[in-house]
Amino acid sequence: MGEVFVFAFTAALNPTLLGATTVMLLLEHPKRMLVGYLLGAMMTSITLGLVIVFALQDSGATSTTQKTLSPAADLVIGGLLIVIAVVLGTGADQRRKERRLAKRSAKRKKPKGPPRWRRTLDKGSPRIAFVVGAALTLPGGSYIVGLHRIADQDLSTAETVGTVLVFNLIMLMLLEIPLIGYTFAPEWTPRAVDRFKAWIGRTGRRAAVYGAGGIGALLVIKGLIGVFAV
């Protein structure tokens, strides 16, 4: 069961969710915006999560393909994480970004504005935040794999629902942590957010390299063990 929640933490590393949270923290009423976005995100992710898990259980796919899919999923996800670690560690992503910027400058194109979801959040309405959260929170790769692992556990209906709820609470912690902070420590939280941004700016790339590389290597090893054990 612990492996399921590893994918919940992986799913939490969502660039769109991080960007949306950052935008909302800078608005006039961040607490209300965070609540609206969280409710919308929960509605979408929990509903789809329960539908997917129960569909997998009813189809019987988890029992017939478990030995094949589990090692394959470990190998694929582990390999992708290692590739991400290599790209970040070598700075290949930065060089590619610099080349794109150079091409745009050469063509004298006007810089693109912020994405539509960010412009919408800038309006500062909790109702709009709810709609944006519901629209943007669609199942990603880590969520799908995590749901498959939940279906593999052969849990009761109540246990399945509870596990999906906990999975979503972990997955959306980028919203929940600042919301808890603004609720119980409204003066301290903005300063903590500023310190966190500064830390990310200094060490974020190195932490991402070590984290992605380490988790990726463990998943590849686990996948290989599973393949040879079949």
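In the block above lies the structure referred to throughout.
This is a predicted model, so every value here is computed, not measured.

**What to know about the overall build of the protein**
Next up, step 1: A tally of regular secondary structure across the protein gives 11 helices and zero strands.
Next up, step 2: Helices and strands in the protein line up, N terminus first, as α-α-α-α-α-α-α-α-α-α-α.
Next up, step 3: The buried share of the protein, reckoned over its 230 residues, is 35%.
Next up, step 4: Long-range pairs, those at least 24 residues apart, make up 86% of the contacts in the protein with a sequence separation of at least 6.
Next up, step 5: Of the roughly 13900 Å² that the protein leaves accessible, carbon and sulfur atoms contribute 66%.

**Re the side chain of Asn-168**
Next up, step 1: Summarising the element assignment, Asn-168 is placed in helix H9 (residues 157–171).
Next up, step 2: In contact with Asn-168, not counting residues within four places along its chain, are Met-42, Ser-45, Ile-46, Tyr-143 and Glu-176.

**Some points on the environment of Ile-144**
Next up, step 1: Looking at where Ile-144 falls in the secondary structure, it is placed in helix H8 (residues 141–152).
Next up, step 2: The class of Ile-144 is partly exposed, set by a relative accessible area of 37%.
Next up, step 3: Ile-144 sits 92 residues away from Ile-52 along the chain, and the two C-alpha atoms are 8.3 Å apart.
Next up, step 4: For Ile-144, the residues in contact, after removing those within four places along its chain, are Ile-52 and Pro-139.

**Side note on a nonpolar patch on the surface**
Next up, step 1: On the surface, a nonpolar cluster with roughly 420 Å² of combined accessible area is contributed by Val-35, Leu-39, Met-43, Phe-130 and Val-131.
Next up, step 2: When contributions to the nonpolar patch are tallied by element, the ones reaching two or more residues are helix H3 (30–59) and helix H7 (126–136).
Next up, step 3: For the nonpolar patch, the element with the most residues is H3, which contributes three residues.
Next up, step 4: With respect to the helices and strands, the residue Met-43 is situated in helix H3.
Next up, step 5: With a relative accessible area of 42%, Met-43 lands in the partly exposed category.

Thresholds applied
- Residues numbered from 1 in each chain as written.
- Predicted model: local features only at pLDDT ≥ 70, side-chain atom pairs only at ≥ 80, totals over all residues.
- Heavy atoms only, no water.
- Helix = DSSP H or I, 4+ residues; strand = E, 2+ residues; numbered from the N terminus.
- Buried < 20%, exposed > 50% of the residue type's maximum accessible area, 1.4 Å probe, protein only.
- Contact = heavy atoms within 4.5 Å.
- Areas by Shrake-Rupley, 256 points an atom, 1.4 Å probe, with all protein chains shown as cover.
- Patch = residues over 30% accessible without salt bridge, like charges linked within 9 Å, V, L, I, M, F, W, Y side chains within 5 Å.
- Salt bridge = Lys/Arg side-chain N within 4 Å of Asp/Glu carboxyl O.

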